[in-house]
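# Descriptive structure summary
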Amino acid sequence: MTRDTPAEAVAYALVLIRRRQSRRALAKAAGSSKAATATGMLLDVIDAEAGPCSVSTIAERLAVDQPRASRLVAGAVADGLVRRESDQRDGRRSLLALTTEGTAAVEAMHAFRVAMSDRAMAGWTDRERTEFARLLSDFVARMEELSP
């Protein structure tokens, strides 16, 4: 892949980031913590929803089919990280929420990721870190707008 233009350089950098942020690479860096597992991604989704969410929401956010999302949820429930709650609006449906242990796992994942980001920006000034955060956040928001 060429890197002659800024867009090409960014596209290449994103490929490298995706490789280094793969479950396997994160598991190696984190010592196989939950930060690098499908369960970790499931916990991230529930945490980001800021309240109970459905298996359908999990499937949509993780871009997996319903059976895969159901298996992930069942594993997280069995591990004591997620609990099922009755949906007060629809008695046929259950919602998912983090348990105390699940919340602790999410906090540990976030701390690990922040530490990795901090290490990657070692030697940068506060101004550089702030500007990078602003630009990257803006870039990601625009990419989200372009996603189907």
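Our subject is the structure listed above.
Below: a short report on this structure. All values derive from a computational prediction rather than experimental measurement. (Residues numbered from 1 in each chain as written. Predicted model: local features only at pLDDT ≥ 70, side-chain atom pairs only at ≥ 80, totals over all residues. Heavy atoms only, no water.)

## Looking at the overall build of the chain
When you go through the chain residue by residue, the secondary structure sums to seven helices and two strands. When its helices and strands are written in sequence order, the chain yields α-α-α-α-α-β-β-α-α. The burial tally for the chain puts 26% of its 148 residues in the buried class. Long-range pairs, those at least 24 residues apart, make up 40% of the contacts in the chain with a sequence separation of at least 6. By element, 55% of the accessible surface of the chain is carried by carbon and sulfur atoms, the whole surface being about 10200 Å². (Helix = DSSP H or I, 4+ residues; strand = E, 2+ residues; numbered from the N terminus. Buried < 20%, exposed > 50% of the residue type's maximum accessible area, 1.4 Å probe, protein only. Contact = heavy atoms within 4.5 Å. Areas by Shrake-Rupley, 256 points an atom, 1.4 Å probe, with all protein chains shown as cover.)

## Regarding a nonpolar patch on the surface
A grouping of Trp124, Phe132, Leu136 and Val140 is seen on the molecular surface, where their side chains present a nonpolar patch of about 340 Å² in accessible area. Assignment of secondary structure puts leucine 136 in helix α7 (residues 126–146). By relative accessible area, leucine 136 is classed as partly exposed at 38%. (Patch = residues over 30% accessible without salt bridge, like charges linked within 9 Å, V, L, I, M, F, W, Y side chains within 5 Å. Salt bridge = Lys/Arg side-chain N within 4 Å of Asp/Glu carboxyl O.)

## Quick notes on the packing of aromatic side chains
Tallied over the entire structure, the rule returns one aromatic pair. Here tryptophan 124 and phenylalanine 132 contribute two aromatic rings whose centre-to-centre distance is 5.2 Å and whose plane-to-plane angle is 85 degrees, an arrangement assigned as edge-to-face. Under the relative-accessibility criterion, phenylalanine 132 is labelled partly exposed at 38%. (Phe/Tyr/Trp six-rings, centres within 6.5 Å; stacked < 30°, edge-to-face > 60°.)

## Describing the environment of arginine 84
With respect to the element layout, arginine 84 can be found in strand β1 (residues 82–86). Considered as a pair, arginine 84 and leucine 95 are eleven residues apart in the sequence and their alpha carbons are 5.5 Å apart. Discounting residues that sit within four places of it in the chain, arginine 84 has contacts with Val73, Ala74, Val77, Ser94, Leu95 and Leu96.

## Some remarks on the packing of helix α4 (residues 55–62) against helix α5 (residues 66–78)
Each packed pair of helices is defined by two parameters, the angle between the axes and the distance between the axes. Viewed as axis vectors pointing N to C, α4 and α5 meet at an angle of 110 degrees, and their least axial separation amounts to 9 Å. Here α5 runs roughly perpendicular to α4, going by the angle between their axes. Here α4 and α5 pass one another in a crossing that is right-handed. Taking contact as the criterion, the partners of Val55, Ser56, Ile58, Ala59 and Leu62 in α4 are, on α5, Gln66, Ala69, Ser70, Leu72 and Val73. Tallied by class, residues from the contact of α4 with α5 come to seven nonpolar, three polar and no charged. (Axes fitted to C-alpha atoms, helices over the stretch in contact; angles between N-to-C directions. Parallel < 35°, antiparallel > 145°, perpendicular 65-115°, else oblique. Left-handed = near helix turned anticlockwise from the far one by under 90°. Nonpolar A, V, L, I, M, F, W, Y, C, P; charged D, E, K, R; others polar.)

## Concerning the nonpolar core
With 21 residues, the main nonpolar core has Leu42, Leu43, Ile46, Ile58, Val82 and Leu96 as its most contacted residues. For this core, the elements supplying multiple residues, two or more each, are α3 (38–48), α4, α5, β2 (94–98) and α6 (100–120). Ranked by the residues each element gives to this core, the list is headed by α3, at five residues. Not counting the four nearest positions on each side in its chain, isoleucine 46 is found in contact with Gly51, Cys53, Ile58, Val82, Leu96, Ala97 and Leu98. (Core = buried A, V, L, I, M, F, W, Y, C linked by side-chain atoms within 4.5 Å.)

## With respect to the pairing of β2
Across the five residues that make up β2, a large majority, four, are buried. Relative to β2, β1 is paired through five bridges, and the arrangement is antiparallel. Bridge pairing links valine 82 to leucine 98 in β2. (Pairing = 2+ DSSP bridges.)

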